[in-house]
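A structural walkthrough
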Amino acid sequence: GGSNSDPSSSEGRRTVTASLLVAADGANSYVRRTLGMPTSGWGYGRRAVTCTVEVSRSMWRTAYQRFLPDGPIALLPVWTEGTPNDGGDGDGGKCYANVVWSTTPSRAKELQSLDPDQFLDALNENLQHGPRTNPPLVSDEARASLPGIVSSLAFGVETLIRGASEGLTMSQWSEKKPFAPPPLASGVVGPRFAFDLSLSQACSYVAPRVALVGDAAHTVHPMAGQGLNLGDAACLSRVIAEATQSGMDVGGTMQFLSEYDAERRAEVAAAMAGIQALHVAFGMKDFVPGIYARSLGMNLVNAVGPVRRHLAAVAAGRKGVFR
């Protein structure tokens, strides 16, 4: 690659050449739009409110997420004063976290309009509130109209599912590993922003001497976007290394870029299906059997260590769905 400038240009424009252009310029990618690379997808009908808050204690590599009927709230560690990178030991310094609160457009507008104290009250109420009890599997009115044996059977099934779900939850707690609630948010730092949530994917991640990565290639619900972006970077780095080691120009042939495209689009499509399933599952408000199945399923995943660790590695970008 190289560059040259046109001295006659009043704007001092510079032309840069390279063997491969990696477009990591976000969901509204200029590179993707300029090259006419199409996308497909849909909106969630949700908006995310995001801001930085000061929290009461260090979160040290721990993120918290609370799933609500209108969408999840995520509390993500950002920075703690006095950490090794700041020349200290992490004790006594201020701690900061990013909030990503996914909700309906009307609720998002309301959250942005609240004063800082009101916003903190709403945030802490939703993050600190204990687990909500699932509604009865069969309402009292419906149960009263059922024959006695059927009513007793329905009550027994409900009790069995509740007991199994609660038992699985508590089995993960111990004296050495107690349940730790999120820290309290004590101050809002900077403005609150909001953006629409959507799911989209480029029909192809590559073009001659161009590779799309991150949000330029795909946008998903923020509950799992980071892992997909890191997966893109790791895969493209590996493909570039393979081309270099073989003495070939990674952009000179579509062989290597096509490998990146096929692998990542398959991985992202599988992850998108899982994210969409979670979005639908936690959006259920009135279908009570689905609520019970969701609770039991999530607790089963949490209780089975290999499954839980694999999903965590996929979400963090350390593993692929198929690799």
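This text gives an overview of the structure that appears in the document. None of the values given here were measured: they were computed from a predicted structure.

Cut-offs applied
Residues numbered from 1 in each chain as written. Predicted model: local features only at pLDDT ≥ 70, side-chain atom pairs only at ≥ 80, totals over all residues. Heavy atoms only, no water. Helix = DSSP H or I, 4+ residues; strand = E, 2+ residues; numbered from the N terminus. Buried < 20%, exposed > 50% of the residue type's maximum accessible area, 1.4 Å probe, protein only. Contact = heavy atoms within 4.5 Å. Areas by Shrake-Rupley, 256 points an atom, 1.4 Å probe, with all protein chains shown as cover. Expected span 1.5 Å × (residues − 1). Polar contact = N/O pair within 3.5 Å; in protein donor to acceptor, adjacent residues only side chain to side chain. Phe/Tyr/Trp six-rings, centres within 6.5 Å; stacked < 30°, edge-to-face > 60°. Lys NZ or Arg CZ within 6 Å of the ring centre and 35° of its normal. Pairing = 2+ DSSP bridges. Salt bridge = Lys/Arg side-chain N within 4 Å of Asp/Glu carboxyl O. Core = buried A, V, L, I, M, F, W, Y, C linked by side-chain atoms within 4.5 Å. Axes fitted to C-alpha atoms, helices over the stretch in contact; angles between N-to-C directions.

Okay, the overall build of the protein next. From N to C terminus, the protein includes nine helices and eleven strands. Put simply, the protein has 323 residues, and 35% of those count as buried. A fraction of 70% describes how many contacts in the protein between residues 6 or more apart in sequence connect residues 24 or more apart. Of the accessible surface of the protein, which amounts to about 18300 Å², a share of 58% is contributed by carbon and sulfur atoms.

In this section: unusual backbone geometry. A negative phi holds for most residues other than glycine; trans holds for most peptide bonds. Even without a glycine there, the phi angle at Arg-209 is positive, about 65 degrees. For Arg-209, the position within the fold is in the loop between strand S9 (206–207) and strand S10 (210–212).

The subject of this paragraph is helix H3 (residues 116–128). Side chains of residues three or four places apart in an α-helix project in the same direction, reflecting 3.6 residues per turn. The first and last C-alpha atoms of H3 sit 18 Å apart over 13 residues, in line with the 18 Å expected at 1.5 Å per residue. Those residues of H3 not exposed but buried are Phe-119, Leu-120, Ala-122, Leu-123, Asn-124, Asn-126 and Leu-127. Of the surrounding elements, those touching the buried residues of H3 are strand S4 (39–55), strand S5 (64–68), strand S6 (71–80), strand S7 (95–103), helix H2 (105–113) and strand S8 (185–202). A distance of 3.1 Å separates the backbone nitrogen of Asp-117 from a side-chain oxygen at the start of H3, and that oxygen is part of Asp-115.

Attention now moves to the packing of aromatic side chains. Going through the model one piece at a time under the given rule, you end up with three aromatic pairs. On the basis of an interplanar angle of 50 degrees and a centroid distance of 6.1 Å, the ring pair of Trp-101 and Phe-119 is categorised as tilted. One end of the pair, Trp-101, is in strand S7; the other, Phe-119, is in helix H3, and 18 residues separate them in sequence. Trp-101 gets classed as buried once you look at its relative accessible area, which sits at 3%. Here Arg-192 stacks its cationic end above the ring of Phe-119, 4.8 Å away from the centre of that ring.

Here we come to the sheet that holds S9. Spatially, three strands are ordered S3-S10-S9 in an open sheet, and the strand pairing comes out mixed. Lying at the two open borders of the sheet, with one neighbouring strand each, are strand S3 (21–23) and S9. Relative to S10, S9 is paired through two bridges, and the arrangement is antiparallel. What sits directly across from Ala-207, in S10, is Val-210.

Positionally, Val-206 belongs in strand S9. For the pair Val-206 and Arg-32, spaced 174 residues apart in sequence, the C-alpha separation works out to 9.5 Å. In contact with Val-206, other than residues within four places in its own chain, are Met-37, Ala-211, Met-254, Leu-257, Tyr-260 and Asp-261.

Enumeration over the complete set of coordinates arrives at eight salt bridges. Where Glu-110 meets Arg-107, a salt bridge forms, and the shortest distance between an N and an O atom there is 2.9 Å. Remark: Arg-107 and Glu-110 occur in helix H2; sequence separation between them is three residues, near one turn of the helix. A salt bridge links Glu-259 to Arg-238, with the shortest nitrogen-to-oxygen separation between them at 3.8 Å. Placement of the pair is Glu-259 in helix H7 (residues 254–283) and Arg-238 in helix H6 (residues 225–245), with a sequence separation of 21 residues. Each of Arg-238, Glu-242, Glu-259 and Glu-263 takes part in one network of salt bridges that share partners.

Another point: the nonpolar core. Counting 33 residues, the largest nonpolar core has Tyr-205, Val-206, Ala-211, Leu-212, Val-239, Val-250 and Tyr-260 as the members making the most contacts within it. Contributions of two or more residues to this core are made by S4, S8, S9, S10, H6 and H7. Leaving out residues up to four positions away in the same chain, Ala-211 has contacts with Leu-20, Leu-21, Val-22, Ala-23, Tyr-205, Val-206, Leu-236, Leu-257 and Tyr-260. Within the second largest apolar cluster, 22 residues are counted, among which are Cys-51, Trp-101, Leu-120 and Leu-127.

An ideal rise of 1.5 Å per residue puts 44 Å on 30 residues; H7 measures up with 42 Å between its terminal C-alpha atoms. With a side-chain oxygen lying 3.2 Å from the backbone nitrogen of Gln-255, the N-terminal cap of H7 falls on Thr-253.

A few words now on the sheet that holds S6. The sheet built from six strands is open, its strands ordered S5-S6-S7-S4-S8-S11 with antiparallel pairing. Edge strands, defined here as strands with exactly one partner in the open sheet, are S5 and strand S11 (218–219). Sitting on the sheet, H2 is in contact with S4, S7 and S8, with an inclination near 25 degrees to S4. Packed on one face of the sheet, H7 meets S4, S5, S8 and S11 and runs near 120 degrees to S8.

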